[in-house]
Amino acid sequence: MKKIFYAFFLVLLLGCTNLSNTPVKKTEDFLKKYQTLDNNVIEDLNETLDSDMTFTTSQKDRYKNIMKKHYQNMTYEIKQDKIDGDKATVLVEINVTDFKKVLDEAEDYVKDNKNEFVTSLGDLDKEKYTDYRLNKLEQAKEKVKFTISINLTKKDNKWNVDKLDKETYDKINGIYDY
């Protein structure tokens, strides 16, 4: 009887290990890192902001908080997965804040109301312009759905998410030009 119990326990243990190493599970883990503001996600956001010289320090902090909220509010649904040997693709429908629409509307407003955003010398007041855009991003509520393809590669019997292309990254960040 003990042998049967141990055999059952071993099969159960190995089965659970394999369930955590599927393309779908790895994709879910990847997207949950955004929702839970994983250290790697925050490090990437910080690196992006550190390389951007157009933001002031306070604007960087505001943008970082906007993106944190955006990531936490992202929802997703796995639609399909396809495995072909050591390659896999998982189709996911994500629902994110529509920052692209907000930024386009802000751009149109600035074009139509240039006098509000120029210095005394007639140049664009970049800080005022950026603050205006950040205000609009903070107020954004409308959502948009995108379908993204997450590609994975199996290496050493373990599934890993491949580097995202720009389109997928833009969709996750709500700035995809649809």
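Now for a description of the structure that goes with this document.

Calculation criteria
- Residues numbered from 1 in each chain as written.
- Predicted model: local features only at pLDDT ≥ 70, side-chain atom pairs only at ≥ 80, totals over all residues.
- Heavy atoms only, no water.
- Helix = DSSP H or I, 4+ residues; strand = E, 2+ residues; numbered from the N terminus.
- Expected span 1.5 Å × (residues − 1).
- Buried < 20%, exposed > 50% of the residue type's maximum accessible area, 1.4 Å probe, protein only.
- Arc of directions from axis to C-beta.
- Contact = heavy atoms within 4.5 Å.
- Polar contact = N/O pair within 3.5 Å; in protein donor to acceptor, adjacent residues only side chain to side chain.
- Pairing = 2+ DSSP bridges.

**Some remarks on helix 3 (residues 39-51)**
Given 3.6 residues to a turn, an α-helix orients residues that are three or four positions apart in the same direction.
Part 1 of the reasoning: Along its 13 residues, helix 3 runs 18 Å from first to last C-alpha, staying within 8% of the 18 Å computed at 1.5 Å per residue.
Part 2 of the reasoning: Within helix 3, the full set of buried residues consists of Val41, Ile42, Leu45 and Leu49. Projection of helix 3 onto a plane perpendicular to its axis shows the buried side chains occupying an angular sector of 95°, all on one side. Opposite the packed face of helix 3, turned more than 90 degrees from it, sit the exposed residues Asn39, Glu47, Asp50 and Ser51.
Part 3 of the reasoning: On its buried face, helix 3 sits against helix 2 (23-35) and helix 4 (57-73).
Part 4 of the reasoning: The N-terminus of helix 3 is capped by aspartate 38, whose side-chain oxygen sits 2.9 Å from the backbone nitrogen of asparagine 40.

**Let's talk about the pairing of strand 3 (residues 143-155)**
Part 1 of the reasoning: Pairing of strand 2 (residues 87-97) with strand 3, which is carried by eleven bridges, proceeds in the antiparallel orientation. Looking at strand 3, one finds that valine 92 is bridged to isoleucine 148.
Part 2 of the reasoning: The sheet contact formed by strand 3 and strand 4 (residues 158-161) spans four bridges and is antiparallel. Residue pairing in the sheet places lysine 154 in a bridge with tryptophan 159 of strand 4.

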